Amino acid sequence: MATRRKMLIALGALAALPVYSQQSGKVWRVGYLATAAGPSKSVDALREKLRTLGYVEGRNIAFEYRWAAGREERVQALAEELVRLNVDVIVTATTFVAVAAKRATGTIPIVMASSANPIGLGVIASLARPGGNVTGVTNNNTETDGKRLLLLREVVPKAMRVATLAWAESPVKPLFLEQIRAAAKQMGVTLVNREVSAPAGLADAFAAMQGARAQGLVVQSDPFTNNHAKRIADLAAQHRLPAIYQSSNWMDVGGLMFYGANSIELHRHAATYVDRILKGARPADLPVEEPTKYELVINLKTAKALGVTIPQAVLLQANEVIK
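Our subject in this report is the structure included herewith.

Quick notes on the rules
- Each chain has its residues counted from 1, running along the sequence as written.
- Restriction of local features to residues with pLDDT of at least 70 applies here, the model being predicted, together with a cutoff of 80 or more for giving and counting side-chain atom pairs; totals for whole chains, interfaces and linings are based on all residues.
- Calculation of side-chain values draws on the structure's entire complement of heavy atoms; hydrogens and water are dropped beforehand.
- The rule for a salt bridge is simple: a side-chain nitrogen of Lys or Arg has to be within 4 Å of a carboxyl oxygen of Asp or Glu.
- Runs of E in the DSSP output that reach at least two residues are strands. Runs of H or I that reach at least four are helices, and both are numbered from the N terminus.
- Accessible area is worked out with a 1.4 Å probe on protein chains only. A residue is then buried under 20% of its type maximum, exposed over 50%, and partly exposed in between.
- By the convention used here, strands pair only if DSSP detects at least 2 bridges between them.
- Side-chain rings of Phe, Tyr and Trp (the six-membered ring for Trp) are treated as a pair once their centres are within 6.5 Å; stacked means planes under 30 degrees apart, edge-to-face means over 60, and tilted covers the remaining angles.
- Helix axes are fitted only over the stretch in contact, all axes being lines through C-alpha atoms; the angle between N-to-C directions runs from 0 to 180 degrees.
- Contacts between residues were defined by any pair of non-hydrogen atoms, one from each residue, lying within 4.5 Å.
- Here is the rule for angles: anything less than 35 degrees is roughly parallel, anything more than 145 is roughly antiparallel, 65 through 115 is roughly perpendicular, and the remaining ranges are oblique.
- Helix crossings fall into two classes, left-handed where the near helix is turned counterclockwise from the far one by less than a right angle and right-handed where it is turned clockwise.
- Any residue that is not Ala, Val, Leu, Ile, Met, Phe, Trp, Tyr, Cys, Pro, Asp, Glu, Lys or Arg is counted as polar, Gly included; the first ten are nonpolar and the last four charged.

### Topic: the pattern of salt bridges
Line of reasoning, step 1. Counted according to the given criterion, the structure contains twelve salt bridges.
Line of reasoning, step 2. Residues Glu-57 and Arg-47 are paired through a salt bridge, measuring 2.8 Å at the closest nitrogen-oxygen approach. One end of the pair, Glu-57, is in the loop between helix H2 (41-52) and strand S2 (61-67); the other, Arg-47, is in helix H2, and ten residues separate them in sequence.
Line of reasoning, step 3. Between Glu-73 and Arg-71 there is a salt bridge, with its nearest N and O atoms 3.1 Å apart.

Below, the structure is given as structure tokens:
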């Protein structure tokens, strides 16, 4: 009886102790670095996927967000801040921030949630064997610029002069222009290239496009243009320039057409890389993956405002048509 009584007392004491289990276990810290001003649908998708993989905020995972809020010059300092916090992994939203994160650390794992030309910029050695501390997914934006120009020409068949718009400081601008020039040469299209480095230069850039008699526009997706998407879409409408974009965020602010990889899906897939790294995988051993599909979104409301008729052949290619 005495032995049984002691056992019951011991069990009662154990029951009275706090239940730490997962709460007292490791809480992984994930840094998220972006030039945006705050969370987006893409960030929500990353968090949602991590939840399905068993990561519960406040229990076993915590996020350290660093938003540059449209000030690209702050990105490097924010990357270094995450390194000082010694987070377990850093997720980067664009090529520009991936370059900054890579420059800030060679040891903390970095997962690219959406990146263009990471090989050319020295972020990874190759897709199959990235090496170093960076892996993730690419958006292949620069590789699909020829398709964007082709789609624009299908919508505006008479467009023989097409403008391009890019941020002057974009690390992928040279490849963007190279791909567009190659496609334009094949199509017999004359390009009107315009670069901007500050918001004040956007109006002048569009005035120059109009002065050069541009009949269409291809906009490169980069931190600067993404952060000024509405202003760019408004200026395109004001100058009656049919435009196609590399990023779907323009469709939320009245853009005419988007063609490319879905950023939400890319972020969702990036979450699986975070999971594998937190479970012990090395970034160097995880091949960088390319998009498996591309989407075409067309805004018929914007087309009507521009006086543009979208051919049925193009509409049939669309994944989504905004009416």
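### Structural notes on the pairing of strand S10 (residues 257-260)
For a regular strand, side chains alternate in direction, first toward one face of the sheet and then toward the other.
Line of reasoning, step 1. Going residue by residue along S10, you find Met-257 and Tyr-259 tucked away on one face and Phe-258 and Gly-260 tucked away on the opposite face as well.
Line of reasoning, step 2. Here two bridges tie strand S9 (residues 243-245) to S10, and the two strands are oriented parallel to one another. Bridging across to S10, Tyr-245 finds its partner in Phe-258.
Line of reasoning, step 3. The sheet contact formed by S10 and strand S11 (residues 295-299) spans four bridges and is antiparallel. Opposite Gly-260, over in S11, you have Glu-295 as the bridge partner.

### Thoughts on the packing of aromatic side chains
Line of reasoning, step 1. Inspection of every chain in the model, using the stated rule, returns seven aromatic pairs.
Line of reasoning, step 2. Relative to Trp-250, the ring of Tyr-245 has its centre 4.9 Å away and its plane inclined at 10 degrees; by these criteria the two rings are stacked.
Line of reasoning, step 3. With a relative accessible area of 1%, Tyr-245 lands in the buried category.
Line of reasoning, step 4. The class for Trp-250 is buried, based on a relative accessible area of 0%.

### Regarding the sheet that holds strand S8 (residues 216-219)
Line of reasoning, step 1. Strand order across the open sheet formed by seven strands is S7-S6-S8-S9-S10-S11-S12, with mixed pairing between neighbours. Pairing within the sheet leaves two strands with one partner each, and these edge strands are strand S7 (190-196) and strand S12 (320-322). The sheet shows a mean angle of 20 degrees between the axes of neighbouring strands, direction not considered.
Line of reasoning, step 2. Of the pairings in the sheet, the one linking S8 to S9 comprises three bridges and is parallel in character. Its bridge partner lying in S9, Val-218 is registered against Ile-244.
Line of reasoning, step 3. Packed on one face of the sheet, helix H7 (residues 201-211) meets strand S6 (161-167), S7 and S8 and runs near 170 degrees to S7.

### Some details on the packing of H7 against helix H9 (residues 229-238)
Line of reasoning, step 1. It is the contact of H7 with H9, at a shortest axis distance of 10 Å, that shows an interaxial angle of 30 degrees. As summarised for this structure, H7 and H9 are arranged roughly parallel, according to the angle between their axes. The hand of the H7/H9 crossing is right-handed. Of the residues in H9, those in contact with Leu-202, Ala-203 and Phe-206 of H7 are Arg-231, Ile-232, Leu-235 and Ala-236.
Line of reasoning, step 2. Broken down by class, the residue content of the contact of H7 with H9 amounts to six nonpolar, no polar and one charged.

### Structural notes on the side chain of Ser-170
Line of reasoning, step 1. Inspection of the secondary structure assignment puts Ser-170 in the loop between S6 and helix H6 (173-187).
Line of reasoning, step 2. Apart from residues lying up to four places away in sequence, Ser-170 is in contact with Gln-220 and Asp-222.

### Description of unusual backbone geometry
Line of reasoning, step 1. Despite not being glycine, Arg-213 shows a phi value in the positive range, around 60 degrees.
Line of reasoning, step 2. Its location among the elements puts Arg-213 in the loop between H7 and S8.
Line of reasoning, step 3. Of note in this structure, Arg-240 is not a glycine but carries a positive phi near 55 degrees.
Line of reasoning, step 4. Positionally, Arg-240 belongs in the loop between H9 and S9.
Line of reasoning, step 5. The exposure class assigned to Arg-240 is partly exposed, which follows from its relative accessible area of 49%.

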